[in-house]
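# Coordinates in review
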Amino acid sequence: MTDLLSAALGLGLIGAACLAFTEKILPVPPSHVLLLFLGMTRASDLAALGVLLAVTTLASTPASFPVRAGV
């Protein structure tokens, strides 16, 4: 499992977006755990945290549409 996380984090913002999208569809870790982990590992300053927040929000929003529609 750690190899998968390392590979995803190695992709930078695209990896963070993929993790956020996957978390919505397959919620193994709770959202707050994933976002806290990403903030601790990928955000070096406040600007990077803001960009990371925007990317994860944009990635997880479309993934929640099938869940809300009951598909």
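First, a word on scope: everything that follows refers to the structure included in this document. On a predicted model such as this, the values are computed, not experimentally measured, just so you know. (Residues numbered from 1 in each chain as written. Predicted model: local features only at pLDDT ≥ 70, side-chain atom pairs only at ≥ 80, totals over all residues. Heavy atoms only, no water.)

A few words on the overall build of the protein. Helix and strand content of the protein: four helices and zero strands. Along the protein, helices (α) and strands (β) appear in the sequence α-α-α-α when read from the amino end. Put simply, the protein has 71 residues, and 24% of those count as buried. Here the analysis covers contacts within the protein between residues at least 6 apart in sequence; of these, 51% occur between residues at least 24 apart. (Helix = DSSP H or I, 4+ residues; strand = E, 2+ residues; numbered from the N terminus. Buried < 20%, exposed > 50% of the residue type's maximum accessible area, 1.4 Å probe, protein only. Contact = heavy atoms within 4.5 Å.)

Nonpolar side chains collect at one region of the surface, where Phe21, Ile25, Leu26 and Val28 lie side by side and expose about 410 Å² of accessible area between them. Along the chain, Val28 turns up in the loop between helix 2 (13-25) and helix 3 (31-42). (Patch = residues over 30% accessible without salt bridge, like charges linked within 9 Å, V, L, I, M, F, W, Y side chains within 5 Å. Areas by Shrake-Rupley, 256 points an atom, 1.4 Å probe, with all protein chains shown as cover. Salt bridge = Lys/Arg side-chain N within 4 Å of Asp/Glu carboxyl O.)

Let's shift gears to the nonpolar core. If you look at the biggest cluster of nonpolar residues, it comprises seven residues: Ala8, Leu9, Ala16, Leu19, Leu34, Leu38 and Leu52. Counting residues per element, the ones that place at least two in this core are helix 1 (2-10), helix 2 and helix 3. (Core = buried A, V, L, I, M, F, W, Y, C linked by side-chain atoms within 4.5 Å.)

To continue, consider the packing of helix 2 against helix 3. As a packed pair, helix 2 and helix 3 sit with axes 10 Å apart at the nearest point and diverge in direction by 175°. Overall, the two elements helix 2 and helix 3 adopt an arrangement that is roughly antiparallel. Here Ala16, Leu19, Ala20 and Glu23 of helix 2 come into contact with helix 3, specifically with Ser31, Leu34 and Leu38. The residue makeup of the contact of helix 2 with helix 3, split by class, is five nonpolar, one polar and one charged. (Axes fitted to C-alpha atoms, helices over the stretch in contact; angles between N-to-C directions. Parallel < 35°, antiparallel > 145°, perpendicular 65-115°, else oblique. Nonpolar A, V, L, I, M, F, W, Y, C, P; charged D, E, K, R; others polar.)

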